[in-house]
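Structure assessment
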Amino acid sequence: MKIIRDAKSLKSERAAMEGSVGFVPTMGALHQGHLSLIRKAREENDHLIVSIFVNPTQFLPGEDLDKYPRREEADRKICELAGVDTLFMPEIGELYHDDEVKLKAPSYLGYILEGHRRPGHFDGVVQVVMKLFGLVQPTRAYFGKKDAQQLRILQKMQEDFFLPLTIVPVDTVREEDGLALSSRNVYLSPDERRRALSISRALKRASKMVMAGERSAKRIKETMMETMDEIDVEYVEIVDRNFRPLEEIKLQKSIVLVAAKVGETRLIDNLWL
Ligand code: PAF
């Protein structure tokens, strides 16, 4: 596995690759969720590039940029074992320039729900992902369905800018007890972790209700809120694939979204129906 830290070397490495290139952009602290993206990308492409970059522009002032988990050595080993060809780990100056052109997330999709709680977050995400796409020029790029809104915004970016690549959504990976994997789970104390489980329990209840024939978004949201009475729920929303709120569940077309604070840790999770 080649480790590359500068943009110029990545460009020449990429230029020498023939065939398809899979790309998994990450912020490191890799877990099984990232591994499922990496494995899928490995299976589907001739070459595999992973990036690790904790992107400052997607963190709001007061968020966890400084304490975001950084585990370079462990991440390197994970990538090596997973068959990554090229690991790109740039310093900030390799990616960001003075007075640069700025991309903006869509004014609806980028500023509702997660974007409403974290205004400007998705501007930073599209900025860095566009840069990484420019450098890596992937055939396919892999993103988790856990970050459903990010995934939709990046699909829109690909469509709106006619980018010659395919965005591949990958299912959420969960612990055995249901907790969705996230790099931020390491912040949870044992008691917070126990309380955080109510999020996946609420989503499971929603799924059971829908399987039993319930279609009212209001009734499903009420039941979910009852299940999550030990945590600070920021929102429970049921939306279509373009994130327009739904009153009635439409099968194959709906996503149930949850964001909650458990202690100081903000968690998101969702269910694709
Ligand atoms: O999902 C993430 O880890 C980040 O938002 C991403 C896509 C790597 C951009 O920094």
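Before reading on, note that the structure itself is shown above.
My aim in this report is to walk through the structure given alongside it, one point at a time.

Each value, and the rule that gives it
- Residues numbered from 1 in each chain as written.
- Predicted model: local features only at pLDDT ≥ 70, side-chain atom pairs only at ≥ 80, totals over all residues.
- Heavy atoms only, no water.
- Near = heavy atom within 4 Å.
- Polar contact = N/O pair within 3.5 Å; in protein donor to acceptor, adjacent residues only side chain to side chain.
- Areas by Shrake-Rupley, 256 points an atom, 1.4 Å probe, with all protein chains shown as cover.
- Helix = DSSP H or I, 4+ residues; strand = E, 2+ residues; numbered from the N terminus.
- Nonpolar A, V, L, I, M, F, W, Y, C, P; charged D, E, K, R; others polar.
- Salt bridge = Lys/Arg side-chain N within 4 Å of Asp/Glu carboxyl O.
- Buried < 20%, exposed > 50% of the residue type's maximum accessible area, 1.4 Å probe, protein only.

**Structural notes on the site of the ligand**
- Pro25, Thr26, Met27, Asn55, Gln58, Val128, Val129, Phe143 and Gln150 make up every residue found near the ligand.
- Within the contact set of the ligand, an oxygen atom lies 2.6 Å away from a side-chain nitrogen or oxygen of glutamine 58.
- Take glutamine 150: an N or O atom from its side chain is 2.7 Å from an oxygen atom of the ligand.
- Taken by itself the ligand offers 280 Å² of open surface, and the protein chains cover 88% of this.
- For the shell around the ligand, the elements supplying multiple residues, two or more each, are strand S2 (21–26) and helix H6 (121–136).
- Counted by class, the shell around the ligand contains 5 nonpolar, 4 polar and no charged residues.

**Looking at the pattern of salt bridges**
- All chains considered together, the criterion is met by 22 salt bridges.
- Residue arginine 184 pairs with aspartate 64 through a salt bridge whose shortest N-O separation is 2.8 Å. Here arginine 184, found in the loop between strand S6 (166–170) and helix H8 (190–211), pairs with aspartate 64, found in the loop between strand S3 (47–52) and helix H3 (72–81); they are 120 residues apart in sequence, far enough to count as distant.
- Relative accessible area serves as the criterion here: at 18%, arginine 184 is assigned to the buried category.
- Judged by relative accessible area, which is 11%, aspartate 64 ranks as buried.
- For lysine 131, the salt bridge is made with glutamate 100, and the minimal N-O distance between the two is 2.8 Å. Highlighted residues: lysine 131 in helix H6 and glutamate 100 in the loop between helix H4 (92–95) and helix H5 (114–117), separated in sequence by 31 residues. Residues lysine 131 and glutamate 100 agree in their burial class; the two are buried.

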